[in-house]
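# Notes for the structure review
Chain by chain, the residues:
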There are 6 protein chains.
Amino acid sequence: MQLQYENSFDVKEKIARAQAAILPIGAVEAHGPHLPLGTDNLLAERLAATLAERTGSFVLPTLPYGQVWSLRNFPGSINVSNEALIALLSDIGESLFRQGFRIFVMLNGHLGNATALKEAARKLAEQVPELKVYYFFYPGVKEITAQVRESSSSHASYFHACEIETSYMLYMAGEHVDMSRAICDIPDIGVEADCTPTPWETFTSTAVLGDATLATSEKGRAILETSLDVMTHIVNDAKKRHQPTP
Amino acid sequence: MQLQYENSFDVKEKIARAQAAILPIGAVEAHGPHLPLGTDNLLAERLAATLAERTGSFVLPTLPYGQVWSLRNFPGSINVSNEALIALLSDIGESLFRQGFRIFVMLNGHLGNATALKEAARKLAEQVPELKVYYFFYPGVKEITAQVRESSSSHASYFHACEIETSYMLYMAGEHVDMSRAICDIPDIGVEADCTPTPWETFTSTAVLGDATLATSEKGRAILETSLDVMTHIVNDAKKRHQPTP
Amino acid sequence: MQLQYENSFDVKEKIARAQAAILPIGAVEAHGPHLPLGTDNLLAERLAATLAERTGSFVLPTLPYGQVWSLRNFPGSINVSNEALIALLSDIGESLFRQGFRIFVMLNGHLGNATALKEAARKLAEQVPELKVYYFFYPGVKEITAQVRESSSSHASYFHACEIETSYMLYMAGEHVDMSRAICDIPDIGVEADCTPTPWETFTSTAVLGDATLATSEKGRAILETSLDVMTHIVNDAKKRHQPTP
Amino acid sequence: MQLQYENSFDVKEKIARAQAAILPIGAVEAHGPHLPLGTDNLLAERLAATLAERTGSFVLPTLPYGQVWSLRNFPGSINVSNEALIALLSDIGESLFRQGFRIFVMLNGHLGNATALKEAARKLAEQVPELKVYYFFYPGVKEITAQVRESSSSHASYFHACEIETSYMLYMAGEHVDMSRAICDIPDIGVEADCTPTPWETFTSTAVLGDATLATSEKGRAILETSLDVMTHIVNDAKKRHQPTP
Amino acid sequence: MQLQYENSFDVKEKIARAQAAILPIGAVEAHGPHLPLGTDNLLAERLAATLAERTGSFVLPTLPYGQVWSLRNFPGSINVSNEALIALLSDIGESLFRQGFRIFVMLNGHLGNATALKEAARKLAEQVPELKVYYFFYPGVKEITAQVRESSSSHASYFHACEIETSYMLYMAGEHVDMSRAICDIPDIGVEADCTPTPWETFTSTAVLGDATLATSEKGRAILETSLDVMTHIVNDAKKRHQPTP
Amino acid sequence: MQLQYENSFDVKEKIARAQAAILPIGAVEAHGPHLPLGTDNLLAERLAATLAERTGSFVLPTLPYGQVWSLRNFPGSINVSNEALIALLSDIGESLFRQGFRIFVMLNGHLGNATALKEAARKLAEQVPELKVYYFFYPGVKEITAQVRESSSSHASYFHACEIETSYMLYMAGEHVDMSRAICDIPDIGVEADCTPTPWETFTSTAVLGDATLATSEKGRAILETSLDVMTHIVNDAKKRHQPTP
């Protein structure tokens, strides 16, 4: 169900059936020595493929560039602005609606994109109110994460290249993880980081925020399957609500 | 040499050596019954990989959304605006420069992107004049195309899903071509199409502009290897000019 | 220390001494039957005055309009866009810097402004890097809030016209609270509200998210004095760092 | 009739009755040694309160930042751009209309805002044509001013911290005037100031354009009551025209 | 001294000598039955030519489109936005500076352009501070106009297709005036027109604001020669100040 | 049929008859020693006048500023941005539609404007779909040019101040051509110029791309009359399609 491998002659009817398009969106961003720069792309892409399969939706090609202001000075990071992302995502959403889609899911693998995605979704809610737009960043994982987590979290909302995200990668894209280079680096972030522009080099030199050595595929599975269930449920519900009566 | 599979600890030195980053950019767009919607993405991606290999450059993850105003009403096409593309590409270019790259190649598989790419390159020429920016859309193929082409061209600058582009796909991504559905459809485009906004449904219902049945992998090879030679030469030349003396 | 009550002849020297300018920013927004529409303005304004006094800073006139997308359909709410706020705040920050200020504190009483404030702060970090910019939304209150709170919270990050915010008002602006009309209304918000544009009329008709009847001035004092201590500490620290050696 | 002191449960009906919302808008700007930086805010705010009372309208919280390009280099001035003001005022107007208001009065205390207010009013006239928008900057005072004025005017359209404006302040906000420091400073402005960007430091070091020592509360009363009559008349007329027939 | 009739090989040296470039800017706008739609263009163009001759400056080709919001609903008017004008004028100014010009005169024949011209001049004052920018709209004519005028003025700042402007045309472009169709139409404009968006069809059906039948070439000469003297003086003064010492 | 020489009282009916408005658009740009900077303006203006006459259309005053990025560093060139042009042209088009025009022809004399014109036309196709918009840059001349041309072309799409353009000028505006200074200068442009931002000083010092000495009025006539026939045909056809049935 990869939209870009379909052809124009057959796709129209399939869109009418699928109703939903899932856009993986990630980033190219430093993730320590053991994870690749494209970690957020790989996670978004594979979660999207799974979600598409479980809900009979189309998956769109990955948008692999995200807002990485915080880590833009780390080697290999590529940063794009909120403005550019919002413009591009609004355009994509509007185009999907014209093509007959009624549900647009932005499956996000990178926290830094959250602002742009929410804003784009609100713009689309004005422009094409009949298109239902979702932005997913691991919804519904709070409890299960607390259960499986062994190391403490270094920040209330950030997690990065740590026990948790490395576990995600071990479950979804293990071939891109080098556990032999996994490290434990728990920075003291401090309250100021939430009150003033704070590039991450202020408090970390590794971009790892936790203990990556504790990561396991099993932990990843536990959390991600929980989240996939939540997402599957939401998308299927939306499809039911939007299903045209015959 | 895929940037997103590198890790942040090792990549800095490699960037200094590679100097050049190649961004494949295509589109999701109707290409007739025999070619996939992602044809331009596949071509850009694979040409970029080859060019990266031949020049020792990094290849970036594909930007798979393009300006497809002309075909936006065909099933499956996704259109984004020039403004959004220009903003995103400027951001990427500026970020690459901060990361140490000195050559930024936009390898374009979709003619509709040409305006945005040229404009983004000019903006970057102001903002980061030390970054050399290229936008490639099959450079240097005029003569060889005239030689291998058997069917006539339906327009001075457009070619689409025809003998030529299908040959490209047979050479670079044959597994995505269904020659059993290839058709011949040579529309009469007329001079007005160059003088007024003209969505392609005005003159074609198939989005094929020529005789796709004449396509062969050999024709694709002849043209694309010529173009790859031209691009390889330009990138290598640029690297020589920018090489810091030791 | 209200900047607007100073005159132009005497103010220059005072600015050099004060170094810091504090901008209260709130919103006009529905806050249930017992709290005024200007609740967030009143809180921001009075906290700013206290913080200014404790740190020897200037307080600026209140910016009383904020982004209230979520509650814009409730009677009396006035909504302005992130774009407008970002533009205005960048202008103010740049102007303050030209005037000799070196620390710009945006003291925010309305969660909906958080995106605009963070974005404006980042823009200023590019444009006038020598201006230290803070955005404060009750920093450092997590633990103390958990201690004093008697009712449960209806959302991980939202709190609104509830036990907590009403307690803030009782402590800071009790004359504007009508406890005889305080209500308890704990909506079930659900996970979708964090994944799709969700105006609050979807889950509440009162705009109260909790049990306002449990509010006391004492609870407000406990939390707000904690937060004032944190803010005072941060501002004084910044002043020390920026103090020009004689 | 301060909108921000109303609560959301009761306000809807009151808006329907009031029909009109009055926004005071001023600036933080140098006004010589005897008047505060917030002179334009104080005047706008108190005139708005009076006008609201006389017409049964709501008064909105003051927008205290204005375009002070001409005086931005004087100590204590804070300058914001026309673009930011226009965006914010358009948003406020649109929001007021959604809330049921049908008349939006921008009561302006600062000449530098005139361009932004007129432009915002025109934009609103396109976007929400059913909202009647006014921008008032002391309408109808030409004759009475000529009568009461004892000193000559230094410019055809500027007046600033002079006999006239100081009289306004003595009448409306006398507690903020220090007549012991009032000065007479009548600069020769010259025709070029109307033909080329001319910051006021070019022709004055005090920001006083006239003889402030001649100011009296009585002069202020004469002019401002005339203007209040004009404004009251216009707003009441507009209400009559827009009154929904029962 | 028309820049566009020079050639590129000889012009550089001439620019260095001339220093100043004069841009006529007008509008296409209704001017009653006796004056052409291009009245403001004709006046700007011919005044510019005269001013160029008297000061040894270059005259640029006329920018014939202006902001005519007020009269845009009258037959034949063409309206462009302030934003478009500001952008274009900033570009032109910046380009002139790169070409070696040091004085940029916008000679304006249309009051509606005043906002855009002033704003563009301020933007240029930031971007290219070494370029001196003037915007002229009949400077220095107040006294002489009062002397020659026989009919009363219908508005403090507007004059349009009336005794005055028709006199201008008789003096500068008499061949485009049809005095046999000149009319007298003195509308009662009222104070509201200065306080709310007021398209002119509200108070006139002819677009003539006065008594055009009283116009004479002699009156035009008296006023315009006065204004030309003022402009000549300002430009020559600016040249002296900017003249590079040998 | 010059719109700006009409008056507002008579023009409405004439617009209804004419239906079409033709806007000449050119540039101020280096054109070698033998042609004036305003070459593109002169050509556009005179072709527009002829086309207007042959089709019974209105001609608008010339927009004499264009995008000349490539030649902006040559003496006398004035460059404006695509953004400014697009904004201005959209405004003009929308205004023409309000005035009753149904066909808007942008007659372009400068290749560098092509991007802005095409983009503006597409914007207008969204905003005012009932307005038919054309952008003409010598349509239909390919074959006849190949026939009359004696010198070879230095680039696939550029021609500039050469045999061809000089012939145009000899035919349309001979009084502005100085053939005694015509030169032959055929640069080797190379493939890179189409792949990277390349100001023309990279490959030419004269701005002449060919052999201007071979120019004749007769060649100009042959090509331009062919193109005028094509344009006349297109405009007349459009008029027939749009003609309101009585």
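As a reminder, the structure under discussion sits directly above these lines.
Residues numbered from 1 in each chain as written. Chains lettered and ligands numbered in written order. Predicted model: local features only at pLDDT ≥ 70, side-chain atom pairs only at ≥ 80, totals over all residues. Heavy atoms only, no water.

## Focus on the arrangement of the chains
The cut-off we apply is this: Any two residues having at least one pair of non-hydrogen atoms within 4.5 Å are treated as being in contact.
At their nearest point, the C-alpha atoms of chain A and chain E are still 20 Å apart, with no contact between the two. Separating chain C from chain F is a minimum C-alpha gap of 20 Å, and the two share no contact.

## What about the sheet that holds strand 2 (residues 58-59) of chain B?
All names here are of chain B. Threshold: A pair of strands is treated as paired once DSSP finds two or more bridges between them. Think of it this way: any DSSP run of H or I at least four residues long counts as a helix, any run of E at least two long counts as a strand, and we number them from the N terminus. Helix axes use the C-alpha atoms of the stretch in contact, all axes being lines fitted to C-alpha atoms, and the angles between their N-to-C directions lie in the range 0 to 180 degrees.
Pairing is parallel across the open sheet formed by 4 strands, whose spatial order is 2-1-3-4. Each edge of the open sheet is held by one strand with a lone partner, namely strand 2 and strand 4 (132-136). Sheet analysis places strand 1 (residues 20-25) next to strand 3 (residues 103-108), joined by 6 bridges and oriented parallel. Residue pairing for strand 3: Ile 25 is matched across the bridge by Asn 108. The strands touched by helix 2 (residues 39-55) are strand 1, strand 2, strand 3 and strand 4; relative to strand 1, the strand with the most contacts, the crossing angle is about 165 degrees. Across the sheet, helix 7 (residues 217-242) is in contact with strand 1, strand 3 and strand 4; its angle to strand 4 comes to roughly 180 degrees.

## As for the pattern of salt bridges
Cut-off, in case you're wondering: We count a salt bridge whenever a side-chain nitrogen from Lys or Arg sits within 4 Å of a carboxyl oxygen from Asp or Glu. Only protein chains enter the accessibility calculation, which uses a 1.4 Å probe; a residue whose area is less than 20% of its type maximum is buried, one above 50% is exposed, and one in between is partly exposed.
Overall, the coordinates contain 71 salt bridges over all chains when judged by the stated rule. With a closest N to O distance of 3.1 Å, Glu83(C) and Lys123(A) form a salt bridge. Of this pair, Glu83(C) sits in helix 3 (residues 82-98) while Lys123(A) is found in helix 4 (residues 114-127), placing the two residues in two different chains. On the basis of relative accessible area, Lys123(A) is assigned to the partly exposed category, the value being 27%. Between Lys219(E) and Glu163(E) there is a salt bridge, with its nearest N and O atoms 2.8 Å apart. In this pair, Lys219(E) sits in helix 7 (residues 217-242) while Glu163(E) sits in helix 6 (residues 163-173), placing the two residues 56 residues apart along the sequence. Judged by relative accessible area, which is 10%, Lys219(E) ranks as buried. Sharing partners across several salt bridges, the network here consists of Arg72(A), Arg98(B) and Glu126(C).

## Let's talk about the relation of the copies chain D and chain C
Rules: Least-squares superposition of the copies uses the C-alpha atoms of those residues scoring a pLDDT of at least 70 in each of them.
Here chain D sits on chain C after a turn of 180 degrees about the axis and a move of 0.0 Å along it, with an RMSD of 0.0 Å. Given the turn and translation reported, the copies of this chain are related as if by a two-fold rotation axis. For chain D, the smallest separation between a C-alpha atom and the rotation axis is recorded for Ala84(D), amounting to 2.9 Å.

## A look at the packing of aromatic side chains
To be explicit about the condition: Here a pair means two rings of Phe, Tyr or Trp (six-membered ring of Trp) with centres within 6.5 Å. Their orientation is stacked below 30 degrees between planes, edge-to-face above 60, and tilted elsewhere.
Evaluation of the coordinates by the stated rule reveals 54 aromatic pairs over all chains. Arranged with centres 5.6 Å apart and planes meeting at 15 degrees, the rings of Tyr134(A) and Phe136(A) form a pair that is stacked. Ring geometry for Tyr138(B) against Phe159(B): centres 6.1 Å apart, planes inclined by 65 degrees, an arrangement best described as edge-to-face. Remark: Phe159(B) occurs in the loop between helix 5 (142-148) and helix 6 (163-173) and Tyr138(B) occurs in the loop between strand 4 and helix 5; sequence separation between them is 21 residues. By relative accessible area, Phe159(B) is classed as partly exposed at 21%. Ring pairing ties together the aromatic residues Phe137(A), Tyr138(A), Phe159(A) and Tyr168(A), which thus form one cluster.

## What about the interface of chain D and chain E?
Much of the literature gives interface size as the accessible area that the parts lose upon coming together. The condition that has to hold: Any pair of N or O atoms that falls within 3.5 Å is considered a polar contact. Within protein, one atom must be able to donate a hydrogen and the other to accept it, and sequence-neighbouring residues count only if both atoms are side-chain atoms. Asp, Glu, Lys and Arg are counted as charged, while Ala, Val, Leu, Ile, Met, Phe, Trp, Tyr, Cys and Pro are counted as nonpolar; the rest, among them Gly, fall into the polar class.
Between chain D and chain E, the contact holds 31 residues from the first and 32 residues from the second. Scanning the region where chain D abuts chain E turns up 6 salt bridges. Across the pair Glu126(D) and Arg72(E) runs a salt bridge, and its minimum N-O distance is 2.6 Å. There are 14 residue pairs in polar contact (both at pLDDT 80 or more) connecting chain D and chain E. Elements that contribute at least two residues to the side of chain D that touches chain E include exactly helix 3 (82-98), helix 4 (114-127), strand 4 (132-136) and helix 7 (217-242) of chain D. Ranked by the residues each element gives to the side of chain D that touches chain E, the list is headed by helix 4 of chain D, at 7 residues. When grouped by side-chain class, the residues that make up the side of chain D that touches chain E number 14 nonpolar, 6 polar and 11 charged.

## Structural notes on the interface of chain D and chain C
We apply this condition: Once two parts are put together, the accessible area they lose, assessed with a 1.4 Å probe and summed over both, is termed the buried area.
Each partner contributes to the interface: chain D provides 52 residues, whereas chain C provides 52 residues. Across the chain D/chain C interface, buried area totals approximately 4100 Å², and carbon plus sulfur atoms make up 62% of it. It is Ser8(D), Phe9(D) and Tyr65(D) in chain D that bury the most area against chain C; as a group they hold 14% of the surface buried on that side. Counting the contacts that link chain D with chain C gives 2 salt bridges. The shortest N-O distance in the salt bridge between Asp10(D) and Arg181(C) comes to 2.8 Å. Where chain D meets chain C, there are 28 residue pairs in polar contact (both at pLDDT 80 or more). Among the secondary structure elements, those contributing two or more residues to the side of chain D that touches chain C are helix 1 (8-18), helix 2 (39-55) and helix 3 of chain D. With 9 residues, helix 3 of chain D is the single largest residue contributor to the side of chain D that touches chain C.

## Structural notes on helix 4 (residues 114-127) of chain F
Rule in force here: Take the residue count of a helix, subtract one, and multiply by 1.5 Å to get its expected span.
Helix length check: helix 4 of chain F, at 14 residues, gives a terminal C-alpha distance of 20 Å against a target of 20 Å (1.5 Å per residue), a fit within 8%. Along helix 4 of chain F, the residues classified as buried are Ala116(F), Leu117(F), Glu119(F), Ala120(F), Ala121(F), Arg122(F) and Leu124(F).

## Structural notes on the packing of helix 2 of chain B against helix 6 of chain B
All names here are of chain B. The following threshold applies: Here is the rule for angles: anything less than 35 degrees is roughly parallel, anything more than 145 is roughly antiparallel, 65 through 115 is roughly perpendicular, and the remaining ranges are oblique. For a crossing to be left-handed, the near helix must be turned anticlockwise from the far one by less than a right angle; the clockwise case is right-handed.
Two elements in contact, helix 2 and helix 6, have axes whose closest approach is 10 Å; the angle formed by their N-to-C orientations is 55 degrees. Judged by the angle between their axes, helix 2 and helix 6 are oblique. Both helix 2 and helix 6 take part in a crossing whose hand is left-handed. Across the interface between the two elements, Thr 39, Asp 40, Leu 42, Leu 43, Arg 46, Leu 47 and Thr 50 from helix 2 touch Glu 165, Tyr 168, Met 169, Met 172 and Ala 173 from helix 6. Counted by class, the contact of helix 2 with helix 6 contains 7 nonpolar, 2 polar and 3 charged residues.

## Looking at the environment of Lys142(D)
Residue and element names in this part refer to chain D. Relative to the helices and strands, Lys 142 is located in helix 5 (residues 142-148). By relative accessible area, which is 68% here, Lys 142 ends up exposed. Linking Lys 142 and Ser 227, residues 85 residues apart in sequence, is a C-alpha distance of 9.6 Å.

## Let's talk about helix 1 (residues 11-18) of chain B
Residue and element names in this part refer to chain B. Selection criterion: What the arc covers is the set of directions going from the helix axis to the C-beta atoms.
Listed in full, the buried residues belonging to helix 1 are Val 11, Ile 15 and Ala 18. For helix 1, the angular spread of buried residues about the axis comes to 70 degrees, placing them on one side. Of the residues in helix 1, the exposed ones pointing more than 90 degrees away from the buried face are Lys 12, Glu 13, Ala 16 and Arg 17. On its buried face, helix 1 is in contact with strand 1, strand 2 and helix 7. Gln 19, located one to two residues past helix 1, shows a positive phi value of around 65 degrees.

## Looking at the side chain of Gln67(D)
Mapping Gln67(D) onto the fold places it in the loop between strand 2 (58-59) and helix 3. Of the residues examined, Gln67(D) reaches a relative accessible area of 10% and is grouped as buried. Residue contacts for Gln67(D): discarding those within four places in its chain leaves Asn79(D), Val80(D), Ser81(D), Asn82(D), Leu85(D), His110(D), Gly112(D), Asn113(D) and Arg122(E).

## A look at the sheet that holds strand 2 (residues 58-59) of chain E
All names here are of chain E. Within the open sheet, the 4 strands sit side by side as 2-1-3-4. Their pairing is parallel. In the strand order of this sheet, the two ends are held by strand 2 and strand 4 (132-136), each with one partner. Helix-sheet contacts for helix 7 involve strand 1 (20-25), strand 3 (103-108) and strand 4, and the interaxial angle to strand 4 is about 180 degrees.

## Observations concerning the environment of Thr39(F)
Residues and elements named next belong to chain F. Along the chain, the position of Thr 39 falls in helix 2 (residues 39-55). A C-alpha to C-alpha distance of 33 Å links Thr 39 and Lys 12, two positions 27 residues apart in sequence. A polar atom in the side chain of Thr 39 sits 2.6 Å from the backbone oxygen of Pro 36.

## Re unusual backbone geometry
Residues and elements named next belong to chain F. Even without being glycine, Gln 19 reaches a positive phi, approximately 65 degrees. As for its position among the elements, Gln 19 is in the loop between helix 1 (11-18) and strand 1 (20-25). Accessibility expressed as a relative area gives 5% for Gln 19, which makes it buried. With a phi angle near 70 degrees, Ala 207 is a residue other than glycine that sits in the positive phi range.

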